[in-house]
Each structure stands twice: as C-alpha cells, then as structure tokens.
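# Report on the structure
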Amino acid sequence: MEMIQQVPELSAYLASDEVIDHEHPLVREVSARLRAETDGAYGYARAAFEFVRDAIAHSYDAGDPRVTWRASDVLEQRTGICYAKAHALAALLRAGRLPAALCYQKLDVVHGLVAVRMPGAGTWHRQDPRGNKPGVDAQFSLGEERLAFTPDPESNEMDYPVLYTVPHSAVLQALRSAQDRPALWENLPAAL
C-alpha cells in the first residue's frame, strides 16, 4: 500500500499539539530514559514502541474504564485504547526527533496505528502499539509489517492510506466525548 502524507512537509510530523504533547515534562522524561537505554534511532524507535505496547495497558483488555486521549495522560495513567496508545507512541517518537504519523485501519471499527519515518529512509513504516494478547502478536518492524490485525477486504475492511499529523476528528471526538470506556465502545467510529 502506498501511504499518502496528509501534509507534504515532513516537519509537520514532528510538531507538538494538545494531543501529541511531546513537550510535556512526562513525555520528555520517558523519552530521555528510553534514549539513555538504547543506541541510535532504530533502537530508540523500537524501545518506544515496546514501551507503549507492553507498559501501557489496552484499557479494554485490562477492563479499565478510564478513557485517555492526550499522550501525556496515557503515559501517566498507563492505560488507553488503540488510539490513545498511538498518540503516546507518536509523542515519544516525535520527542526523539523521529517523524511520526497517525494512521488507521477500518476493521469492524476504526483501529489506530502509527507510522514512523527513520532517518535517511524515504518510506514510512506502520507500527501497531495496541498491546499483545492471545491471537495478537504485533512487533516493531521496518520490513514486513507485523501489525495486530490484517484487514479482510471481503468484509469491507481496509487500510486507510493517509498519514495524519493529528488524530482524525472522528477519533478525537469519540475519545473526548466518552465518559468511560464502555460508553466509548458504543461510539467508536465505524469509518473515517
């Protein structure tokens, strides 16, 4: 699949905002710790991915009713659904000066991913930090994708090709308007 940058300037994929708040002290602290434990851009990107995948619980899997959406809140509360975990990973990657985009799949509902662009590479590599469980084995990879889910075109599932600088408005609206995760589950976007 050919991915399409929503914004042509690569610098837009390094920006900080209200959601991908990589200038927040907690995001900076986690980023600095990961950088100190790794070597080079690849090591940092992989460590950031594994940290979000493994140290931040997927709130549905954990039965956690809290809804997080801002990257720093995800890191502080250590919980979030796929979108929130993608926001946290994008913030950590951007804090490490690696361009990061938000991207999505249409499954039974919209599923959130992150794409990273490594130094010197002309391509984006999608990553899925949702968290592993029986039947889900997402891994960091710059080669063949190792995502949690593979869309089934016969079921009208698909990969969206657009690489967003900020969360899609449908995703952000669902997260912000939910009082808790069960309410969020009732209002997850079915498509973008």
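Everything below is about the structure printed above this text.
Residues numbered from 1 in each chain as written. Predicted model: local features only at pLDDT ≥ 70, side-chain atom pairs only at ≥ 80, totals over all residues. Heavy atoms only, no water.

## Re the environment of Ala-138
The condition is simple: Numbering of helices and strands runs from the N terminus; a helix is a DSSP stretch of H or I covering at least four residues, while a strand is a stretch of E covering at least two. Any pair of residues with heavy atoms lying within 4.5 Å of one another is described as a contacting pair.
Topologically, Ala-138 is positioned in the loop between strand 6 (125–127) and strand 7 (158–159). Through-space distance from the C-alpha of Ala-138 to that of Gln-127 is 7.9 Å; in sequence the pair is eleven residues apart. Each residue touching Ala-138, except ones within four places of it in the same chain, is listed here: Phe-49, Arg-53, Asp-128, Asn-132, Arg-146, Leu-147 and Ala-148.

## Describing the nonpolar core
Just so we agree on the cut-off: As used in this record, nonpolar core signifies buried Ala, Val, Leu, Ile, Met, Phe, Trp, Tyr and Cys residues forming a set joined through side-chain atoms within 4.5 Å. Whether a residue is buried, partly exposed or exposed follows from its accessible area with a 1.4 Å probe, protein chains only, as a fraction of its type maximum: under 20%, in between, or over 50%, in that order.
Membership of the largest hydrophobic core comes to 47 residues, with the highest contact counts inside it found for Tyr-83, Leu-92 and Leu-93. Counting residues per element, the ones that place at least two in this core are helix 1 (25–36), helix 2 (40–55), helix 4 (71–77), helix 5 (82–95), strand 4 (100–106), strand 5 (110–116) and helix 6 (169–177). It is helix 5 that provides the largest number of residues to this core, a total of eleven residues. When residues no more than four places from it in sequence are discounted, the contact partners of Leu-93 are Tyr-44, Ala-45, Ala-48, Leu-98, Ala-100, Val-114 and Val-116. With eight residues, the next largest nonpolar core counts Tyr-13, Ala-101, Leu-113 and Trp-124 among its residues.

## Brief notes about the sheet that holds strand 6
Put simply, the test is: DSSP-based pairing: two strands are paired if at least 2 bridges between them are found. Here an axis means a line fitted to C-alpha atoms, over the contact stretch when the element is a helix, while the angle between two N-to-C directions is reported on a 0 to 180 degree scale.
Sheet architecture is open: four strands sit in the order 6-5-4-7, paired in antiparallel fashion. Edge positions in the sheet fall to strand 6 and strand 7, since each of these pairs with one other strand and no more. Strand direction decides the pairing type here: strand 5 and strand 6, joined by three bridges, are antiparallel. Looking at strand 6, one finds that Val-116 is bridged to His-125. Running at roughly 10 degrees to strand 5, helix 5 makes contact with strand 4, strand 5 and strand 6 of the sheet.

## Re the pattern of salt bridges
Spelled out, the test is: Throughout this description, the term salt bridge denotes a Lys or Arg side-chain nitrogen within 4 Å of a carboxyl oxygen of Asp or Glu.
Here the structure, examined in full by the defined rule, presents eleven salt bridges. Here Asp-61 ties to Arg-130 by a salt bridge, and the two come within 2.8 Å at their closest N and O atoms. Of this pair, Asp-61 sits in helix 3 (residues 59–62) while Arg-130 is found in the loop between strand 6 and strand 7, placing the two residues 69 residues apart along the sequence. Relative accessible area serves as the criterion here: at 36%, Asp-61 is assigned to the partly exposed category.

## Comments concerning the environment of Arg-70
Defined as follows: Within 3.5 Å is the distance limit for a polar contact, defined as a pair of N or O atoms, with the added protein rule that one can donate a hydrogen and the other accept it, and that residues adjacent in sequence qualify only through two side-chain atoms.
Here Arg-70 lies in the loop between helix 3 and helix 4. Considered as a pair, Arg-70 and Val-19 are 51 residues apart in the sequence and their alpha carbons are 4.4 Å apart. Apart from the residues within four sequence positions on either side, Arg-70 is in contact with Glu-18, Val-19 and Asp-21. In this structure the side chain of Arg-70 is engaged in a polar contact, spanning 3.1 Å, whose partner is the backbone oxygen of Glu-18.

## Some words on the pairing of strand 5
The two faces of a sheet get side chains in turn, since along a regular strand they alternate between them. Buried residues dominate strand 5, accounting for seven of its seven residues. By the alternation rule, side chains of strand 5 split into Val-110, Gly-112, Val-114 and Val-116 and His-111, Leu-113 and Ala-115, which are all buried. Of the pairings in the sheet, the one linking strand 4 to strand 5 comprises seven bridges and is antiparallel in character. Paired with Ala-100 across the two strands is Val-116, which belongs to strand 5. Hairpin connection between strand 4 and strand 5: a loop of three residues separates the two successive antiparallel strands.

## A few points about helix 5
What counts is decided by this rule: To estimate how far a helix should extend, the number of its residues minus one is multiplied by 1.5 Å.
The end-to-end C-alpha distance of helix 5 is 20 Å, a good match for the 20 Å that 14 residues give at a rise of 1.5 Å each. Most of helix 5 is tucked away, with 14 of its 14 residues classed as buried. Positive phi appears at Arg-97, one or two residues downstream of helix 5, with a value of about 65 degrees.

## Overview of the environment of Val-30
Take Val-30: it is sitting in helix 1. Between the alpha carbons of Val-30 and Pro-65 there is a distance of 24 Å; along the sequence they are 35 residues apart. With sequence-adjacent residues up to four places away left out, Val-30 is seen in contact with Phe-51, Leu-75 and Leu-92.

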